[in-house]
Number of protein chains: 2
Amino acid sequence: MYCLLKCAPLILAVAVCHGWLFGDFVRKQELNEISLWPIPQKFQSSAVAFKLSPASFQIVHAKQSSAGPSCSILENAFRRYFEYVFGDLKSRKKVYDSDLVELQVWITSADPECDGYPSLQTDESCELFSLPPLCSTAPQLVYEDDYGANNINKTEISDFPRFAHRGILLDSSRHFLPLKVILANLEAMAMNKFNVFHWHIVDDQSFPYMSRTFPDLSQKGAYHPFTHVYTPSDVKMVIEFARMRGIRVIPEFDTPGHTRSWGNGIKDLLTPCYSGSSPSGTFGPVNPILNSSYDFMTEFFKEISTVFPDAYIHLGGDEVDFSCWKSNPDIQKFMVQQGFGTDYSKLESFYVQRLLDIVAATKKGYMVWQEVFDNGVKLKDDTVVEVWMGNKMEEELQNVTGAGFTTILSAPWYLDYISYGQDWQRYYKVEPLNFPGTDAQKKLVIGGEACLWGEYVDATNLTPRLWPRASAVAERLWSDKSVTDVGNAYNRLAQHRCRMVKRGIPAEPLFVGHCRQEYMGL
Amino acid sequence: MYCLLKCAPLILAVAVCHGWLFGDFVRKQELNEISLWPIPQKFQSSAVAFKLSPASFQIVHAKQSSAGPSCSILENAFRRYFEYVFGDLKSRKKVYDSDLVELQVWITSADPECDGYPSLQTDESCELFSLPPLCSTAPQLVYEDDYGANNINKTEISDFPRFAHRGILLDSSRHFLPLKVILANLEAMAMNKFNVFHWHIVDDQSFPYMSRTFPDLSQKGAYHPFTHVYTPSDVKMVIEFARMRGIRVIPEFDTPGHTRSWGNGIKDLLTPCYSGSSPSGTFGPVNPILNSSYDFMTEFFKEISTVFPDAYIHLGGDEVDFSCWKSNPDIQKFMVQQGFGTDYSKLESFYVQRLLDIVAATKKGYMVWQEVFDNGVKLKDDTVVEVWMGNKMEEELQNVTGAGFTTILSAPWYLDYISYGQDWQRYYKVEPLNFPGTDAQKKLVIGGEACLWGEYVDATNLTPRLWPRASAVAERLWSDKSVTDVGNAYNRLAQHRCRMVKRGIPAEPLFVGHCRQEYMGL
């Protein structure tokens, strides 16, 4: 007896499909509730159950599949999910008739690009279906019965994401995040069907990205030049670990503000601030009036565009403080020359415009924070504008999409803001398309991101603070718009978080209760 | 060259003194700030420095000491602090003149009760002083110099706690806390000079305490009868681990409310609630009108009084919901018989009074939550009343101490309530004696507790949520009243939290920055 998993896209098939096939390891509760998270677009299950045994069960490539054993993404995923299901269970010798012995994976992608990277265009749809008479039942889901045996119920699934961009922002500048923490959270992202790691890698406080072109950036800008940096090899590992899980890595190099740490390694990059008629010794945003600034950015982003394979780079552009620019007499003179008057947002736009041209020349697309749009900078058509400000969020979505730009939403999902109680419900209740606009405008909202800024977060508390709060965002971005029942979500999410705990992710509890296997790290 | 540590009390000498001797491993910063936490009552340090080498340095018993190598508390502490200081450093062969080679520990306690337990009366004072000409400099503090070598500066210290009761409440009922988590937090408590572990061990949600007398309590009341319980051996380990660190273990068995889980194992213990004229199937607080309830409590607390060596048991008594009692016709009848009218707090007092008599018969003292006092229950003179309600806290302190009762304060330190930002400062700024009252009343406030209730806390997030926020409470309860500079505290606490991280405690960051050694767990 065997069943078939048919997946259109190779790259994400595994990460996505296994989300409900093996990822969402289910234990039946009194509720008789299937604890899928996020819930698939369509599924139906029945009481008919088969057993899975580590001795007999195999995941194999279907004959029709366009991918085979040479595809490392699939082989890695088979291993990963096999271990999730069977763990350290001993094999038994005998195979019974009621055993489900094979899962065939049928990749339908014309181009089985096993070495490619996931992209915004990747089709993440996937189906589990029966193939009579070989498998008279429909495909099913794995759960443990009351005796701890692995079962899979008759279940039909057809699944695809509601939004194409489902991201997590982590900030490795306010605190350095050891590689191990980043990898563990990529793993957790995969368990929750997130497909974008927005890596806010540098900021004012530190510059841990080790640049081959400008090694002084991290040598002088990181908290420590050896222990608190991401080497080229570290970055590669993050990208590959993410690729195996269908996750894109979009790095953010935020300018012209949020750049204090850049100034340590690059002479004259930042604007000298003045106190009266003399320099105060402090520095402001990138100096937008020097050609050397643009020369540097050209070289720097040339490197970034080769190191990070994703089609997009996030260029930041948020929260530029004008006070330093205002204090500097050279900048003042430049403002007059350019006819900017006293409108420093025009100077900001001047800088951003040139930067965008520089990055566009590398053939990359770019993402920016909403201020760049708000300030009227001319953007390429494929620019993704990230709406992060909580006030007037609907108005901003209306304006950005009204201007024809692709948009992602993070404003309601700043997970660094914590409060007592079940704030996941607040994240869960957000409807991203709830703003005034045409259908065409709504289509421009391609997803959202849960942001965990790092002011109060490091390796000690990041993971339990992120999960399962971000899981609420995961379901909002994946499942159908109609999936809004908080009570039902609570029951599924409580089980999903125990599943994460079982797999070594210290996801915090939703409320009182217990997991069969409690977290055993510290 | 050697130095002398003179400690009056044996039991706590090590846990306390080493707080600043080896516990507070100091790295000099640009600030040239000594990062002691909590700050000692008196200390003075100079630039004169000596080196410590794992080859030559020894901690030994002074000739005058009343304790020797047979004292396990001291031997354990010597080993623990030696490892803190030297870690896995390789020994070098040569000993230099500038090496500090010996720390002599002089216990002055007349009764070197190495097998005893810490108590409320334990004298925790301690001094480091020089012994010319053998040690021409005063004793000092260990820190790493810029080359990573261990140094100790000339420092004089005389220290004692401002308050005798400095507790942490952990709740192992809302979520089960694996033994490992409890032990790690006892370790962190010792690093912060907390000396009471208030173990809120059972509650409505689960009964993990395994009772020898009434095994059904945990068999039927725990989340799981084997994996989610504390066996007698577990409890012993907690108590012994705490004893080694000068920490008292005060268990709380809260009645008559907060007892839902008790009802699973003990028939007729809880009040059957009524819906109209028939039982609704749900249960309320302990049934106060049945003799069997008191018979049970007599047996149960007889066991508790032998299992837990501390002189005090916490009996709870908070948040009794009267609605179930009100619904029950037998209770209504009893109210009439007793002449209580409709004042159910009189019924509560009736129960508590009998319970206190039962516990008093075991020769234990008791602690209670403030409601027990508020309801006018007659209390033994040595009762400790815990003030936990945030509103009218000063008035309550005034009333409780005015009535002559010993008091501890936890109202401002409910650490389960979280918010964005540096809430440790709020905890730090509390002045426990800031209420209207005489000097005699003020003296009755013997300390306080930081409470981490478990509704949203389990093994995944407890430790980073507790530390270093509880450290703020630690210094408030230990150091002099005049120690109130938040900026100075920030600098010391940021280093102290890195010290905890280095020792494997995932204490979360105060704000942006880094530790030389980041947390390497997950």
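Residues numbered from 1 in each chain as written. Chains lettered and ligands numbered in written order. Predicted model: local features only at pLDDT ≥ 70, side-chain atom pairs only at ≥ 80, totals over all residues. Heavy atoms only, no water.

Caption draft 1: Summary view of the overall build of chain A. The helix and strand inventory of chain A stands at 17 helices and 18 strands. For chain A, the proportion of its 522 residues judged to be buried stands at 62%. Considering only intrachain contacts with a sequence separation of at least 6, the fraction spanning at least 24 residues in chain A is 74%. Surface accessibility of chain A: about 19,400 Å² in total, with carbon and sulfur atoms responsible for 52%. (Helix = DSSP H or I, 4+ residues; strand = E, 2+ residues; numbered from the N terminus. Buried < 20%, exposed > 50% of the residue type's maximum accessible area, 1.4 Å probe, protein only. Contact = heavy atoms within 4.5 Å. Areas by Shrake-Rupley, 256 points an atom, 1.4 Å probe, with all protein chains shown as cover.)

Caption draft 2: Spatial organisation of the packing of helix α9 (residues 329–338) of chain B against helix α10 (residues 344–360) of chain B. Residue and element names in this part refer to chain B. Remark: α9 packs on α10, axes separated minimally by 11 Å, with the N-to-C direction vectors making an angle of 85 degrees. Taken together, the axis directions place α9 and α10 in an arrangement best described as roughly perpendicular. Residues Ile331, Gln332, Phe334, Met335 and Gln338 of α9 lie in contact with α10, whose contacting residues are Tyr344, Leu347 and Phe350. Partitioning the contact of α9 with α10 into residue classes produces 6 nonpolar, 2 polar and no charged. (Axes fitted to C-alpha atoms, helices over the stretch in contact; angles between N-to-C directions. Parallel < 35°, antiparallel > 145°, perpendicular 65-115°, else oblique. Nonpolar A, V, L, I, M, F, W, Y, C, P; charged D, E, K, R; others polar.)

Caption draft 3: Up close: the UniProt feature "domain: Glycoside hydrolase family 20 catalytic" (unreviewed entry) in chain A. Feature annotation in UniProt places "domain: Glycoside hydrolase family 20 catalytic" (unreviewed entry) on residues 163–480 of chain A, given in this structure's numbering. Helix makes up 39% of residues 163–480 of chain A and strand 18%, with an end-to-end C-alpha separation of 10 Å. (UniProt positions renumbered as here; feature names shortened; annotations may be inferred.)

Caption draft 4: Representation of the relation of the copies chain B and chain A within the structure. Each copy of the sequence occupies a distinct position, and chain B is placed on chain A by a rotation of 180 degrees and an axial shift of 0.0 Å, giving an RMSD of 0.0 Å. The symmetry that links the two subunits is that of a two-fold axis. Identified as the residue of chain B closest to the rotation axis by C-alpha distance is B:Ser419, at 2.4 Å. Interface overlap between copies is the fraction of interface residues in one copy that are interface residues in the other; for chain B against chain A it reaches 98%, indicating a shared surface. (Least-squares fit on C-alpha atoms with pLDDT ≥ 70 in both.)

Caption draft 5: Spotlight on the environment of B:Asn195. All names here are of chain B. Within the element layout of this structure, Asn195 appears in the loop between α3 (179–191) and β10 (196–200). For Asn195, a relative accessible area of 3% corresponds to the buried category. Counting along the chain gives 52 residues from Asn195 to Ile247, while the straight-line C-alpha distance between them is 4.2 Å. The residues touching Asn195, leaving out its near neighbours within four places in the chain, are Glu124, Ala164, His165, Arg166, Gly246, Ile247 and Arg248.

Caption draft 6: Inspection of the interface of chain B and chain A at higher detail. Contact with chain B, which involves 46 residues of that partner, is made by 45 residues of chain A. Both sides together, the interface formed by chain B and chain A hides about 4,200 Å², and carbon and sulfur atoms give 63% of it. If you sort the residues of chain B by the area they bury against chain A, B:Tyr420, B:Tyr456 and B:Leu522 come out on top, with a joint share of 22%. Here chain B and chain A share 4 salt bridges between them. In this structure, B:Arg465 and A:Glu508 form a salt bridge, with 3.1 Å as the shortest nitrogen-oxygen distance. At the junction of chain B with chain A, the criterion picks out 22 residue pairs in polar contact (both at pLDDT 80 or more). (Buried area = accessible area lost by both parts, 1.4 Å probe. Salt bridge = Lys/Arg side-chain N within 4 Å of Asp/Glu carboxyl O. Polar contact = N/O pair within 3.5 Å; in protein donor to acceptor, adjacent residues only side chain to side chain.)

Caption draft 7: Spotlight on the side chain of B:Asn328. Residue and element names in this part refer to chain B. With respect to the helices and strands, Asn328 occurs in the loop between α8 (323–327) and α9. Among the polar contacts listed, one links the side chain of Asn328 to the backbone oxygen of Pro272, at a separation of 2.8 Å. Here Asn328 is in contact with Thr271, Pro272 and Tyr274, once residues within four sequence places are set aside.

Caption draft 8: Representation of the nonpolar core. Formed by 206 residues in total, the largest nonpolar core has its most connected members in A:Phe253, A:Phe300, A:Trp467, B:Phe253, B:Phe300 and B:Trp467. With residues near it in sequence (within four places) discarded, B:Trp467 still touches B:Ile168, B:Asn185, B:Ala188, B:Met189, B:Asn192, B:Phe194, B:Met500, B:Ile505, B:Ala507 and B:Glu508. (Core = buried A, V, L, I, M, F, W, Y, C linked by side-chain atoms within 4.5 Å.)

Caption draft 9: Looking closely at the UniProt feature "active site" (unreviewed entry) in chain A. Residues and elements named next belong to chain A. As annotated in UniProt, the feature "active site" (unreviewed entry) corresponds to Glu319 in the numbering used here. Looking at the secondary structure, you find Glu319 in the loop between β14 (312–314) and α8 (323–327). Classification of Glu319 by relative accessible area gives partly exposed; the value is 45%. Ignoring sequence-local partners within four residues, the contact set of Glu319 consists of His258, Glu371 and Trp388.

Caption draft 10: Structural context of the packing of aromatic side chains. Per the stated rule, a full pass over the model turns up 73 aromatic pairs over all chains. Considering the side-chain rings of A:Phe253 and A:Trp262, the 6.4 Å spacing of their centres and the 90 degrees angle between planes classify their relative orientation as edge-to-face. The same class applies to A:Phe253 and to A:Trp262, which are both buried. When the ring of A:Phe253 is compared with that of A:Phe300, the centres are 5.1 Å apart and the planes differ by 80 degrees; the resulting orientation is edge-to-face. Remark: A:Phe300 occurs in helix α7 (residues 291–307) and A:Phe253 occurs in the loop between β11 (248–252) and α6 (262–265); sequence separation between them is 47 residues. Accessibility expressed as a relative area gives 0% for A:Phe253, which makes it buried. Taking the ring centre of B:Tyr294 as reference, the NZ or CZ of B:Arg354 above it sits at 3.9 Å. For the cation-ring pair, B:Lys442 lies above B:Phe435, with the distance from its terminal atom to the ring centre recorded as 5.0 Å. (Phe/Tyr/Trp six-rings, centres within 6.5 Å; stacked < 30°, edge-to-face > 60°. Lys NZ or Arg CZ within 6 Å of the ring centre and 35° of its normal.)

Caption draft 11: The pattern of salt bridges, seen in detail. All names here are of chain B. In total, this model carries 31 salt bridges over all chains according to the counting rule given. Notably, a salt bridge pairs Glu187 with Arg80, separated by 4.0 Å at the nearest N-O pair. On the criterion of sequence distance, the pair formed by Glu187 in helix α3 and Arg80 in helix α2 (residues 72–86) is long-range, its members being 107 residues apart. Residue classification places Glu187 among the buried residues on the basis of a relative accessible area of 14%. Of the charged contacts, one joins Arg166 and Glu124 as a salt bridge, the two residues approaching to 2.9 Å between their closest N and O atoms.

Caption draft 12: Region of the structure containing the state of the cysteines. All names here are of chain A. Enumeration over the complete set of coordinates arrives at 4 disulfides over all chains. There is a disulfide in this structure between Cys273 and Cys324, and the S-S distance comes to 2.1 Å. The sign of the -105 degrees torsion about the S-S bond sets the Cys273-Cys324 disulfide as left-handed. With Cys273 in strand β12 (residues 270–275) and Cys324 in helix α8, this residue pair connects regions lying 51 residues apart in the sequence. Of the two residues examined, Cys273 and Cys324, each falls in the buried class. A sulfur-sulfur distance of 2.1 Å marks the disulfide that ties Cys498 to Cys515. (Disulfide = S-S within 2.5 Å.)

Caption draft 13: Main features of unusual backbone geometry. For the bond running from B:Thr255 to B:Pro256, omega is 0 degrees, close enough to zero to count as cis. Assignment of secondary structure puts B:Pro256 in the loop between β11 (248–252) and α6 (262–265). Note that the residue after B:Trp467, namely B:Pro468, is joined by a cis bond; omega there is 5 degrees. Looking at the secondary structure, you find B:Pro468 in the loop between α15 (462–466) and α16 (469–478). The backbone of A:Asp268 shows a phi angle near 65 degrees, a positive value even though the residue is not glycine. By the element assignment, A:Asp268 lies in the loop between α6 and β12.

Caption draft 14: Layout of helix α2 (residues 72–86) of chain A. With 15 residues, α2(A) ought to run about 21 Å at 1.5 Å a step, and its terminal C-alpha atoms sit 21 Å apart, in line with that. Here α2(A) has its buried residues at A:Ile73, A:Leu74, A:Ala77, A:Phe78, A:Arg80, A:Tyr81, A:Tyr84, A:Val85 and A:Phe86. (Expected span 1.5 Å × (residues − 1).)

Caption draft 15: Summary view of the domain arrangement of chain A. Residues and elements named next belong to chain A. Split into domains, chain A comes out as domain 1 (42–159) and domain 2 (165–503). Across the boundary between the two partners, domain 1 contributes 15 residues, which contact 20 residues of domain 2. Between domain 1 and domain 2 lies a buried interface of about 1,600 Å² when both sides are counted; carbon and sulfur atoms form 54% of it. Along the contact surface separating domain 1 from domain 2 lie 1 salt bridge. At the boundary of domain 1 with domain 2, the tally comes to 4 residue pairs in polar contact (both at pLDDT 80 or more). Residue contributions to the side of domain 1 that touches domain 2 peak at 5 residues, all from α2. When grouped by side-chain class, the residues that make up the side of domain 1 that touches domain 2 number 6 nonpolar, 4 polar and 5 charged. (Domains from an automatic or database assignment.)

Caption draft 16: Here's a closer look at the environment of A:Glu508. By the secondary structure assignment, A:Glu508 is in the segment after α17 (486–502). Residue A:Glu508 is classed as buried on the basis of its relative accessible area of 11%. As for A:Glu508 and A:Pro464, which are separated by 44 residues in sequence, their C-alpha atoms are 4.9 Å apart. With residues up to four places along the chain from it excluded, the contact list for A:Glu508 reads A:Pro464, A:Arg465, A:Trp467, A:Pro468, A:Arg469, A:Arg497, B:Thr460, B:Asn461 and B:Arg465. Polar contacts involving the side chain of A:Glu508 include one to the side chain of B:Asn461, which spans 3.1 Å.

Caption draft 17: Representation of the pairing of β11(A). All names here are of chain A. Counted residue by residue, β11 has 5 buried out of 5 residues, so it is predominantly covered. Of the two faces of β11, the one carrying Arg248, Ile250 and Glu252 and the one carrying Val249 and Pro251 are both buried. Across 5 bridges, the pairing between strand β10 (residues 196–200) and β11 is parallel. Residue Trp199 lies in a different strand from β11, and its bridge partner there is Pro251. (Pairing = 2+ DSSP bridges.)

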